[in-house]
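Chain and residue survey
What follows is each chain in one-letter form.
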There are 2 protein chains.
Amino acid sequence: MRAIVIAVGSELLNQERLDTNSLYISRRLREKGILTDMKMVVGDNREYLSWVVRQACKRAQIVITTGGLGPTADDLTREAVAEALRKEMIFREEIVAIIRERFRLMGMAMPETNTRQGFVIEGAEVLPNPVGTAPGLFLDTEPCRVLLLPGPPAELQPMFDAVLEARIGPLSRFHVCSAVMRIAGLSESEADARLTAALGRIANLDVTILASPGLIEIRLMGRSRKDMAEAEEAVTIAADRVRNEFARHLVTEKEESFAAAMLGRLRERDLTLAVAESCTGGKLADCLTDVPGSSRSFLGGVVAYDDALKRDFLGVSQETLTRFGAVSAETAAEMARGIRKRTGADIAVSITGIAGPGGATPQKPVGLVYFHLHTADGDVGQRRLMTGDRGVIKIRSVHYALDMIREYLDGRA
Amino acid sequence: MRAIVIAVGSELLNQERLDTNSLYISRRLREKGILTDMKMVVGDNREYLSWVVRQACKRAQIVITTGGLGPTADDLTREAVAEALRKEMIFREEIVAIIRERFRLMGMAMPETNTRQGFVIEGAEVLPNPVGTAPGLFLDTEPCRVLLLPGPPAELQPMFDAVLEARIGPLSRFHVCSAVMRIAGLSESEADARLTAALGRIANLDVTILASPGLIEIRLMGRSRKDMAEAEEAVTIAADRVRNEFARHLVTEKEESFAAAMLGRLRERDLTLAVAESCTGGKLADCLTDVPGSSRSFLGGVVAYDDALKRDFLGVSQETLTRFGAVSAETAAEMARGIRKRTGADIAVSITGIAGPGGATPQKPVGLVYFHLHTADGDVGQRRLMTGDRGVIKIRSVHYALDMIREYLDGRA
């Protein structure tokens, strides 16, 4: 089973808008052992779309379209697919009745244009849309099945999940299981080399590695034609080897952010955190507070961009600022001590550096960042020279600071 | 002239990685009056890719591939395109000489595998790559031209810009010019309706509207087959009407973020800013400090997530917290006054609310956010009920706070 995903909508071609539905669909298909061979984005043009669907059906066993199922004249996916498969359109009054009832419950009259959504392709199974008006369609045709889904992710995802379980998944000849592991504190090339060596050859296993600044994700997927046990065994063996090789670097084995993983561990141990940021400018606090429930462990912090704030809010001495500069190990240390003293947090972390492009000196280049972690157990200071542009230096520094917290919680800092 | 863009690389299909090159390419093409009809992502499979290129050449006048030009065995774009166009591969020693020299300058010997990059498609123009080893190729064939570019954006962009100016742009039958305007403080549907009414019918004009939480972008594009003056006239008329209609909402007429636009205006007037954030958790400071040179106007702020920080760092009284709660107009006002008093900033802004999913009460639902702006000229408080999930409420609140600064700078707050 091979799939092609077609996103329909001129706005995906002509505006700065990315098709993200295909990521969701191809990931979920992969979990069932079905690989995506191609993704496409096509505008709202019936003839063009019909041609694309016809070509796609020659190559894949399942073609999935997203978008273009709405009630307006530029929603053309139904007609285009019917044309591609040389099938008729049939009007189903009961679909319109459901849509009409939907509007009635919202206290509105159904606009006449929505009757268009009552037209379906002959032989198609109608997939209910609990969130919106556009029903999905599934054509269980040979040699290629075609699935039509609406574009809004909130409508698409539950509909796709249902049809995947009931109709598409059972067609896969593979049993699949997967695991994700995220590690930090290593370069991508070092992680890659060590991963390859540590895993060796494992039957029925696919491995992918995906690096972002300061965080590396390892995805393990077991695939077996025989049974699920064989697939699970491959993942279990691989996960053990990864855990062993990267014990000192493991951030999480869940689909969660670095900040979420650290907040989880702080909560387990009933510890609180406060931060003092200069060059990251609030990004560390922002990442932490993106996590629901973060207020249980994260007290807050100071964005001490200006030196006066480092002095007045954090108690960094003017002498330190004058003698060593705002970007220095000494200032970082006083920032961390200051925020911990004034908030009473168990763990305090500070970041000060030069994110660029301006602000560098011969002694202090762009990318130079000092970190400091201060707790009742003592102090750890770090100096790093980061590469990348301003945005990359900020996110890399945030991940590095989180990694110092990880090291501390692991008992190594 | 219609274009199809094909991104090559299994990592774009099988990992959570989006093709962003096509956004850049289709935007730049559009600026020359060339529209993109389709975007595709295909894995590293020679036969498949060759089939896709052959089909694409049947529909478009220009086909652009990105990626798959490296030296390894899974870099197959050159061979696949040659196969699609039924052309031979030719070895060009001088290309290898340039790559060898590149390695030499880095003090390294060229790996033998890089000689593969010396093979080019017969009749192709070789496009130099000043940043990497993979040269691009341009086939000036009828009826469809084919352009092969490397995948890394830092290599692709300058190469594409050069070939667009020299080879592709001149083929367009359109003269094109464009303008961007960003507005705030309106819902998308209201902005859309007012825009349509205000613009009326303008010849040679394309308009697109793109909404993100709290910020709406209007793109005006003039296209003329006759001359540039006609295209420019369309944009000038449209821009005047947009300025007129949305005078009270205009954020910027540049390709810059909301935060960058406000920092620019603060700098012009030599004003400083400090912020006190609760529910946005540092995102406002983060957006401000994403802008290079922000330290000239932005002093910093406090992320007062915990109530104790609101009290100790911002001087919010315990009585206010107890009587009105942390999410209240009174607390917001004291937060703004506190941060201004303690930093000496000209403008202070505070945000406190419930980003969800937890923390709501019957009186204070998820999405309730209080804002306060405090300056020497006085105070403005606002209460808003925001929709969306935690992430959306955070970014919408950030944009709303920036909009209060805009109103103040415009003399309306």
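This text goes with the structure placed above it.
**Some words on the overall build of chain A**
A tally of helices and strands in chain A yields 14 helices and 17 strands. Viewed in the frame of its principal axes, chain A has a C-alpha envelope of about 80 × 55 × 40 Å. Of all 413 residues assigned to chain A, the portion counted as buried reaches 47%. Counted over contacts in chain A with a minimum sequence separation of 6, partners at least 24 positions apart contribute 65%.

**Thoughts on the sheet that holds strand β10 (residues 205-212) of chain A**
All names here are of chain A. On the basis of which strands lie adjacent, the open sheet formed by four strands has the order β10-β11-β9-β12 and antiparallel pairing. The outermost strands of the open sheet, each flanked by one partner alone, are β10 and β12 (250-252). In this sheet, adjacent strand axes meet at a mean angle of 30 degrees when their direction is disregarded. Relative to β12, strand β9 (residues 175-183) is paired through two bridges, and the arrangement is antiparallel. Within β12, the position partnered with I183 by the bridge is L250.

**With respect to the sheet that holds strand β9 (residues 175-183) of chain B**
Residue and element names in this part refer to chain B. Ordered by their spatial adjacency, four strands build an open sheet running β10-β11-β9-β12, and the pairing between neighbours is antiparallel. Because the sheet does not close on itself, it has two edges, and the strands there are β10 (205-212) and β12 (250-252). Neighbouring strand axes in the sheet, compared pairwise and without regard to direction, differ in orientation by 30 degrees on average. Pairing analysis gives eight bridges linking β10 to strand β11 (residues 215-224), with the strands arranged antiparallel.

**A closer look at the pairing of strand β7 (residues 136-139) of chain B**
Residues and elements named next belong to chain B. Neither face of β7 is open: one carries G136 and F138, the other L137 and L139, and all of them are buried. Pairing of strand β6 (residues 125-127) with β7 involves three bridges; the strand directions are antiparallel. If you follow E125 over to β7, its bridge partner there is F138. With three bridges joining them, β7 and strand β8 (residues 145-149) adopt antiparallel strand pairing. Bridged to F138 within β8 is L147. Where β7 folds back on β8, the antiparallel hairpin that results is connected by five residues.

Rules used throughout
Residues numbered from 1 in each chain as written. Chains lettered and ligands numbered in written order. Predicted model: local features only at pLDDT ≥ 70, side-chain atom pairs only at ≥ 80, totals over all residues. Helix = DSSP H or I, 4+ residues; strand = E, 2+ residues; numbered from the N terminus. Buried ≥ 20, exposed ≤ 12 C-beta atoms within 10 Å, placed from the backbone. Contact = placed C-beta atoms within 7 Å. Pairing = 2+ DSSP bridges. Axes fitted to C-alpha atoms, helices over the stretch in contact; angles between N-to-C directions.

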